[in-house]
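If you want the building blocks of each chain, they are given just below.
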Amino acid sequence: MKSVVFKAAFFILTSTLAFSTACSKQGPEDSGDGGFSELVPDKPDYMNVRIAYNGYDGEGADVWTLLLYTDMQLTDEGGLIEGTGPGQVLHLVLNAAVNPDGEPDLAFLAGEYVEPANSGDFSEGTWQQGMSGSVDSPWGPVEVPGGSWFADFADGQNDHSTDFLNEGSVAVELGDDGTVKIEGVMVGTDYLKRYFSWTGRPEVSEGDGGQVRFPNSSLTGDIEIPAFTKARLIDRKDIYTWDQRCRAYALYLAEEGVDISGEWPSGSGKVMRIELFAAWEADVADGIPEGTYEAVSINADGGIPGEQIKPFGLVPGSPDKFQYFSGSWYIELEDGAWKDYARIADGTVEVARDGDAHRLDIRLKDCSDPAWNISGVWETDGPIAL
């Protein structure tokens, strides 16, 4: 059963809107002859629906995300594919009845959903209010919408205006023939009623709580490592353990234009970070112990199973951590910004020693499917700088 962390990833907007005020934006207008004519509300033709089951939220409900959008193309992350649009997108996050089997069964999604009592209300039968927040990306923090929101995309543009929804209701009906009807009206920070209706047979997937994610590798082919001219070895001590079973070394290899004097590299050029496990008794001043280091497995949250934290292990890159990355990565920088990059997921590094001199035979793979190779040999005539 999946655990949902979506609502913790963003801060809740504190503004509240009166429903009567929201309605007045689309109320009657002076017709010019002393009477009033009713405005016709905008009702986008939602032709497409994505439904994802995100699992138990730990607070008494299962979370589902519903993405309704008009005749346009979207990326997996919900962004517009260049050249499509204009169009509208409605993103809903519903707190549904708990399925004890932890499976995406639409029978548990069917029902009426009302606005929560407050921003901290995630009880069954409510929907999650719109919110704004920031997520990590290879290019720095990125502002993204969360919860329930409406977006209007301009023609061929990925930029859009976002209306964070905070009032209204939605109904999900499941027909005997397997069709699903999604219908409702909501109001947000734009003070406009957002009507929506869709009926059909949706495909249902298992989601990750609705979080925006970025690719962990941008490679499009194998990489032969360059002739790195700089190196630095950092003792991270027992950062992965509490009982001092193992010591972690972070090795930076970089081109001349990259500054590796700090914790995070800067400048321009290619750089690798290779994290290795050595015995607790090892001394970083002696360099990297000779032997073959093999990639250990890594959990989705970046954790490593305790039994795998032992000498001659290689730490893969932690997923979805870019600005404060850990583990093993290959990065090409341009004025400090990530240009090309790859999270290392598998492979080996063979270390041979001749006194203080090191020879590293690097045979690594990124996290792509299928994986790209990042390989080559790096040598030094003397000790590695600390």
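Residues numbered from 1 in each chain as written. Predicted model: local features only at pLDDT ≥ 70, side-chain atom pairs only at ≥ 80, totals over all residues. Heavy atoms only, no water.

Secondary structure assignment for the protein yields one helix and 27 strands. By sequence separation, contacts in the protein at least 24 residues apart represent 58% of the contacts at least 6 residues apart. When the accessible area of the protein is evaluated, it comes to approximately 18,300 Å², of which 47% is carbon and sulfur surface. (Helix = DSSP H or I, 4+ residues; strand = E, 2+ residues; numbered from the N terminus. Contact = heavy atoms within 4.5 Å. Areas by Shrake-Rupley, 256 points an atom, 1.4 Å probe, with all protein chains shown as cover.)

Another aspect to go through is a negative patch on the surface. On the surface, Asp101, Glu103, Asp105 and Glu206 cluster together to form a negatively charged patch. Structurally, Asp101 can be placed in the loop between β6 (87–96) and β7 (111–114). (Patch = residues over 30% accessible without salt bridge, like charges linked within 9 Å, V, L, I, M, F, W, Y side chains within 5 Å. Salt bridge = Lys/Arg side-chain N within 4 Å of Asp/Glu carboxyl O. Lys, Arg positive; Asp, Glu negative; His and termini not counted. Charge placed at Lys NZ, Arg CZ, Asp CG, Glu CD.)

We now examine the environment of Cys246. Relative to the elements of secondary structure, Cys246 occurs in strand β18 (residues 246–254). Each C-alpha atom, one on Cys246 and one on Ile309, is 6.6 Å from the other, the two residues being 63 residues apart in sequence.

This model, assessed by the stated rule, comprises nine salt bridges. The salt bridge partner of Arg247 is Asp235, with a shortest N-O separation of 2.8 Å. You can see Arg247 sitting in strand β18 and its partner Asp235 sitting in strand β17 (residues 230–237), a full twelve residues away along the chain. On the basis of relative accessibility, which here comes to 10%, the residue Arg247 falls in the buried class. Look at Asp235 and you get partly exposed, because its relative accessible area is 22%. What you see here is one network of salt bridges that share partners, running through Asp163, Asp190 and Arg194. (Buried < 20%, exposed > 50% of the residue type's maximum accessible area, 1.4 Å probe, protein only.)

With that settled, consider the environment of Ala52. Position of Ala52 among the secondary structure elements: in strand β4 (residues 48–56). Residue Ala52 is classed as buried on the basis of its relative accessible area, which comes to 11%. Discounting residues that sit within four places of it in the chain, Ala52 has contacts with Val63, Trp64, Thr65, Ser205 and Gly207.

Below, the discussion takes up the packing of aromatic side chains. Evaluated as defined, the whole model comprises 13 aromatic pairs. Taking the centre distance of 5.9 Å and the plane angle of 80° together, the rings of Phe322 and Trp338 count as edge-to-face. One end of the pair, Phe322, is in the loop between β23 (313–315) and β24 (329–334); the other, Trp338, is in strand β25 (residues 337–354), with 16 residues separating them in the sequence. Owing to a relative accessible area of 1%, Phe322 belongs among the buried residues under this scheme. The lysine or arginine in question, Lys43, covers the ring of Tyr195, its NZ or CZ lying 5.1 Å from the ring centre. Taking NZ or CZ as reference, Arg247 lies 4.0 Å from the ring centre of Trp280, over its face. (Phe/Tyr/Trp six-rings, centres within 6.5 Å; stacked < 30°, edge-to-face > 60°. Lys NZ or Arg CZ within 6 Å of the ring centre and 35° of its normal.)

It is worth spelling out the nonpolar core at this point. Leu253, Met272, Ile362 and Ile374 are the most contacted members of the largest nonpolar core, which totals 28 residues. Membership of the second largest hydrophobic core comes to 24 residues, among which are Ile51, Leu66, Leu106 and Val180. (Core = buried A, V, L, I, M, F, W, Y, C linked by side-chain atoms within 4.5 Å.)

What follows deals with empty space enclosed by the protein. For the structure shown, the criterion picks out two cavities of 30 Å³ or more. In this structure, the second largest cavity occupies an estimated 30 Å³ of space. Take the lining of the second largest cavity: its biggest share by element is three residues, from strand β12 (residues 160–174). Classifying every residue of the lining of the second largest cavity by side-chain character gives six nonpolar, no polar and one charged. (1 Å grid on protein atoms, 1.4 Å probe; cavity = no way out; pocket = protein on both sides within 12 Å on 5 of 7 lines; lining within 4 Å. Points joined across faces, edges and corners; volume = space filled by probe spheres on them. Nonpolar A, V, L, I, M, F, W, Y, C, P; charged D, E, K, R; others polar.)

Mean pLDDT over the protein: 85, with 84% of residues reaching 70 or higher. For the stretch residues 1–31, pLDDT sits under 50, and the model shows 80 contacts to residues farther than four places along the chain or on other chains. (pLDDT = per-residue confidence, 0-100.)

To continue, consider the environment of Ala250. Residue position: Ala250 is located in strand β18. Of the residues examined, Ala250 reaches a relative accessible area of 0% and is grouped as buried. Along the backbone, Ala250 and Ser328 are 78 residues apart, and their C-alpha atoms lie at a distance of 8.4 Å. Ignoring sequence-local partners within four residues, the contact set of Ala250 consists of Arg232, Leu233, Ile234, Arg236, Arg273, Ile274 and Glu275.

Counting through the fold element by element, Asp163 comes out in strand β12. Among residues more than four places away in sequence, those in contact with Asp163 are Trp149, Phe150, Gly188, Thr189, Asp190, Leu192 and Arg194.

Assignment of secondary structure puts Ser217 in the loop between β15 (204–206) and β16 (223–224). In terms of polar contacts, Ser217 uses its side chain to reach the backbone amide nitrogen of Leu219, at 3.3 Å. Here the side chain of Ser217 touches Asp366 through a polar contact of 2.7 Å, side chain to side chain. If we ignore the near neighbours within four places in the chain, the residues touching Ser217 are Tyr341, Ala342, Arg343, Asp366, Cys367 and Ser368. (Polar contact = N/O pair within 3.5 Å; in protein donor to acceptor, adjacent residues only side chain to side chain.)

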